[in-house]
Amino acid sequence: MKHLTSDERKKLRKQLRENRRALNPSQQQFAAQQLARNLRTHPVFLRSKYIALYMANDGEIDMRYVINAIEKMGKQCYLPILHPLKHNTLWFVSYRHGDILMTNRFGLSEPSSNKKIFPVWALDLVLMPLVGFDRKGNRLGMGGGFYDRTFSFKKNLQKKQESHQQNTRRPKSPVLIGVAHHCQELTQLSNESWDVLLDYVVTDKEIITVR
């Protein structure tokens, strides 16, 4: 597939963000409930103890029902915070419903950086926000490369799995699941050299296995 230019990616992001922002509050709530229902049945979610996710913004699918499920099932939830030193990189700290959140320089909610940092390689599952996705595990983010930089070590794990086909049915931790509204799906999305592929995608409509 032809690689998209920077301008083409910006145009695509704009359209997809408009699509999800066009959903009314009732549609957003129903989608969030359906997403949580789909995730609760996923084998990776069921066996995971340490789960990272995000606080929804800009029409992203809401995580509130997923957070409720994580806490009811006795699992631990983690949220990203901006790394204070490394460019466009994330740290993860624990979160429970009701914890005080702060606003970072992008206007996004995140926990205090005074909390103990949890190593990204020790996470079992990461529920990743996205702007667009395809069924081959390609993810279109906001363009900052935060998740790609943070989980760049996964690229080596993915390459090893590709050379040992018998292990590809169970991705190595942390498992990366893209979560989105179904309207964010693209027929095909070009993959850049720095992109980290998703292991699965879960939407309000279905569970997609891509690896």
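Placed above this text is the structure.
Procedures and definitions
- Throughout this document, residue positions are counted from 1 along each chain, in the order its sequence is written.
- Side-chain atom pairs in this predicted model are given and counted only at pLDDT of 80 or more, local residue features only at pLDDT of at least 70, and totals for whole chains, interfaces and linings cover all residues.
- The basis for the side-chain values is all heavy atoms of the structure; hydrogens and waters are excluded.
- Two strands form a pair only when DSSP identifies at least two bridges running between them.
- Strands here mean DSSP runs of E at least two residues long; helices mean DSSP runs of H or I at least four residues long; both are numbered from the N terminus.
- Any two residues whose heavy atoms approach within 4.5 Å at even a single point are treated as in contact.
- Helix axes are fitted only over the stretch in contact, all axes being lines through C-alpha atoms; the angle between N-to-C directions runs from 0 to 180 degrees.
- What makes a salt bridge here is a side-chain nitrogen of Lys or Arg within 4 Å of a carboxyl oxygen of Asp or Glu, nothing more.
- Each residue's exposure class comes from its accessible area (1.4 Å probe, protein chains only) as a fraction of the maximum for that residue type: buried when under 20%, exposed when over 50%, partly exposed otherwise.
- Using only the protein atoms, space was sampled on a 1 Å grid; points where a 1.4 Å probe fits but cannot get out form cavities, open sets with protein on both sides within 12 Å along at least five of seven lines form pockets, and lining residues are those with an atom within 4 Å of a point.
- Grid points are joined across faces, edges and corners, and a volume is the space filled by probe spheres set on the points.
- Stacked, edge-to-face and tilted are the three classes for Phe, Tyr and Trp ring pairs, Trp counted by its six-membered ring, which pair at centre distances within 6.5 Å; planes under 30 degrees apart are stacked, over 60 edge-to-face, the rest tilted.
- Definition used: whenever NZ (Lys) or CZ (Arg) falls within 6 Å of the ring centre and also within 35 degrees of the ring normal, the charge is taken to sit over that ring.

Draft legend 1. How the structure looks around the sheet that holds strand β2 (residues 76–82). One open sheet accounts for eight strands, arranged β6-β3-β2-β1-β7-β10-β11-β12; its pairing is mixed. The open sheet has two edge strands, β6 (117–118) and β12 (207–209), and neither has a second partner. Alignment of strand β11 (residues 200–203) against β12, held across three bridges, turns out to be antiparallel. Paired with V201 across the two strands is I208, which belongs to β12. Lying over the sheet, helix α2 (residues 25–40) contacts β7 (125–128), β10 (175–180), β11 and β12, oriented at roughly 140° with respect to β11. Strands β1 (50–52), β2, β3 (90–95) and β7 of the sheet are contacted by helix α4 (residues 64–72), whose axis makes an angle of about 130° with β2.

Draft legend 2. Representation of the environment of I208. Structurally, I208 is set in strand β12. Remark: the alpha-carbon pair of I208 and I61, spanning 147 residues in sequence, is separated by 16 Å. When sequence neighbours within four positions are dropped, the list of residues in contact with I208 reads F133, R135, Y200 and V201.

Draft legend 3. Inspection of the pattern of salt bridges at higher detail. Here the structure, examined in full by the defined rule, presents nine salt bridges. Taking the shortest distance from any N to any O, the salt bridge between R17 and D58 comes out at 2.7 Å. Of this pair, R17 sits in helix α1 (residues 6–21) while D58 sits in the loop between β1 and α4, and the two are 41 residues apart along the sequence. Of the residues examined, R17 reaches a relative accessible area of 25% and is grouped as partly exposed. Relative accessible area serves as the criterion here: at 19%, D58 is assigned to the buried category. Residue E206 pairs with R135 through a salt bridge whose shortest N-O separation is 2.4 Å. Remark: R135 occurs in the loop between β8 (132–133) and β9 (139–140) and E206 occurs in the loop between β11 and β12; sequence separation between them is 71 residues. A single network of salt bridges, built from pairs that share partners, joins R17, R20, R21 and D58.

Draft legend 4. How the structure looks around the layout of surface pockets. Approximately 950 Å³ is the volume found for the largest pocket. If you go around the largest pocket, you meet 41 residues; those closest to its centre are M142, G143, G144, F146 and Y147. For the lining of the largest pocket, the secondary structure elements donating two or more residues are α1, β2, β5 (109–110), β9 and α5 (146–150). It is α1 that contributes the most residues to the lining of the largest pocket, six residues altogether.

Draft legend 5. Quick look at the packing of aromatic side chains. In total, this model carries seven aromatic pairs according to the counting rule given. Taking the centre distance of 6.4 Å and the plane angle of 10° together, the rings of Y147 and F151 count as stacked. Using a relative accessible area of 9% as the deciding quantity, one classes Y147 as buried. Members of the aromatic cluster, each reached through a chain of ring pairs, are F92, Y147, F151 and F153. In this arrangement the basic side chain of K75 is found over the ring face of F45, its NZ or CZ atom lying 5.8 Å from the centre.

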